[in-house]
Amino acid sequence: MTDAAELERRTAQLLAEHPPADTDPADFLKARFDAGLAWVHYPEGLGGLGAPRSLQAAVDAGLAAAGAPDNDPRRIGIGLGMAAPTILRYGTEEQKRRFLRPLWVGEEVWCQLFSEPGAGSDLAALGTRAVREAGGDWIVNGQKVWTSSAHVARWAILIARTDPDLPKHAGITYFVCDMTDPGVEVRPLRQITGEAEFNEVFLTDVRIPDAHRLGDVGDGWRVAQTTLMNERVSIGGMRLPREGGMIGPVSKTWRERPELRTHDLHQQLLKLWVEAEAARLTGERLRQQLVAGQPGYEGSGMKLAFARLNQEISGLEVELRGEEGLLYDDWTMRRPELVDFTGRDAGYRYLRSKGNSIEGGTSEVLLNIVAERVLGLPSEPRTDKDVAWKDLAR
């Protein structure tokens, strides 16, 4: 087991051999990965050293203090937060070595091909089909929707139906899809903000080699649960300083614009400030729990709180600003690589936060998950659990 002293030695050695001021950022990140300092809890040779996850923070802080570049985690968040842990758990050794290094370094952006027009909240009802040829390759046809970063992605994590004769949660298989395949068509979805960070993706006779399958045939739903749990943690459990996130801009406006203040707005701000701080501290506790194991259903609760607070805080900010809050800076059609809540104006935050209760699992579905799997309440009646997918009404 690698201890803190060994990690400190390796960090110092990395900085000595690759001084950040004189090293190309991409080369530094590659050297960091090869030194096992990318994510220290991963196995040796895969960016880690098999060290306790709790030691990562010290490595990150030491490198940041030395001016080392980071891998722009917001730009590659789907790869880091969703694809990587799934590949680590279910991938073959060849898959791990092929995908993890360029993913972490940021050479290859990932996206997620899960939701469909008829399978959003009920993801297991997905209809994208993957049929295996005699030679072993899979031919995929279907449509996916709400795909963040598809327009810049090199790879995608994809679930498709491989056996329609089984119930909907069975007969699903998990793949890695090449987004440069000629059968992959990405179309922008313009949102209420005017931007098109989301996309719809059409798959027409896309050929996926069996070597790009993650997990067993028909076991895709179980593999997808690892992805979804990590997604909720990455959305709702991000590390923030006090007054980080959406509560920051509205608190700043309150302090700097006393003429906008009213008693009622003060009461609302105090309530939301306390709730935001409680959510931040809960996220810290969740991350500490992750040090000892896999993400659990606590991530669903955090994601629920994240969505509700973002919407309520952004609504308060618009109300506080009055007529100014109704203005919007730019309706230009753009295709950004990431969502920048704090870098835009109040109108953008208000409009964009409406998607927080949909993306990463709708709030309604997450409430069911918390009720049934965290609180142990009786599950809702489900009449389709044992019915073959092909026989379901659509």
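Positions within a chain are numbered from 1, following the residues in the order the chain's sequence is written. Residue-level local features of this predicted model are given only where pLDDT is at least 70; pairs of side-chain atoms are given and counted only at 80 or more, and the full residue set underlies all totals for whole chains, interfaces and linings. Only hydrogens and water are removed before side-chain values are computed, so all heavy atoms of the structure are retained for them.

Caption draft 1: Structural view of the packing of helix H4 (residues 77-90) against helix H5 (residues 93-105). Where H4 contacts H5, the axes come no closer than 10 Å and their chain directions differ by 160°. With respect to their mutual orientation, H4 and H5 come out roughly antiparallel. Helix-helix and strand crossings are classified by hand; for H4 and H5 the assignment is left-handed. Across from Gly79, Leu80, Ala83, Ala84, Ile87, Leu88 and Tyr90 in H4, the residues of H5 making contact are Gln95, Lys96, Phe99, Leu100, Leu103 and Trp104. The residue inventory of the contact of H4 with H5, partitioned by class, reads ten nonpolar, two polar and one charged. Every angle, taken between N-to-C directions, lies between 0 and 180 degrees, and every axis is a line fitted to C-alpha atoms, over only the stretch in contact when it is a helix. Helix numbering and strand numbering both begin at the N terminus, where a helix is a DSSP run of H or I of at least 4 residues and a strand a DSSP run of E of at least 2. In what follows, roughly perpendicular refers to angles from 65 to 115 degrees, roughly parallel to angles under 35, roughly antiparallel to angles over 145, and oblique to any angle outside these ranges. Left-handed describes a crossing whose near helix is turned anticlockwise from the far helix through less than a right angle; right-handed describes the clockwise counterpart. The contact rule is simple, with two residues in contact once any of their heavy atoms fall within 4.5 Å. Only Asp, Glu, Lys and Arg are considered charged, only Ala, Val, Leu, Ile, Met, Phe, Trp, Tyr, Cys and Pro nonpolar, and every remaining residue, Gly among them, polar.

Caption draft 2: Local environment of helix H2 (residues 25-34). Those residues of H2 not exposed but buried are Phe28, Leu29, Ala31, Arg32 and Phe33. Elements in contact with the buried residues of H2: helix H1 (4-17), helix H3 (56-65) and H5. Within 3.5 Å is the distance limit for a polar contact, defined as a pair of N or O atoms, with the added protein rule that one can donate a hydrogen and the other accept it, and that residues adjacent in sequence qualify only through two side-chain atoms. Measuring from the side-chain oxygen of the N-cap residue of H2 to the backbone nitrogen of Ala26 gives 3.0 Å; that N-cap residue is Asp24. Residue Gly36 follows H2 closely and has a positive phi angle near 80°. Burial status follows relative accessibility: with a 1.4 Å probe on protein chains alone, a residue under 20% of its type maximum counts as buried, one over 50% as exposed, and anything between as partly exposed.

Caption draft 3: Structural context of the side chain of His212. In this structure, His212 sits in the loop between strand S7 (198-208) and strand S8 (213-214). Residue contacts for His212: discarding those within four places in its chain leaves Gln95, Phe99, Trp155, Tyr174, Phe175 and Val176.

Caption draft 4: Looking closely at the packing of aromatic side chains. Only rings of Phe, Tyr and Trp enter the pairing, Trp through its six-membered ring, and a pair is recorded when the two centres are within 6.5 Å. The plane angle decides the type: under 30 degrees is stacked, over 60 is edge-to-face, the rest tilted. Per the stated rule, a full pass over the model turns up nine aromatic pairs. Look at Phe99 and Trp155: their rings are 5.1 Å apart centre to centre, the planes differ by 75°, and that puts the pair in the edge-to-face class. You can see Phe99 sitting in helix H5 and its partner Trp155 sitting in strand S4 (residues 155-161), a full 56 residues away along the chain. Under the relative-accessibility criterion, Phe99 is labelled buried at 1%. Following the ring pairs from residue to residue traces out a cluster consisting of Phe99, Trp110 and Trp155. Whether a charge lies above a ring is judged from NZ of Lys or CZ of Arg, which has to be within 6 Å of the ring centre and within 35 degrees of the ring normal. A cation over an aromatic ring shows up here: Arg154 above the ring of Trp155, its NZ or CZ 4.2 Å from the ring centre.

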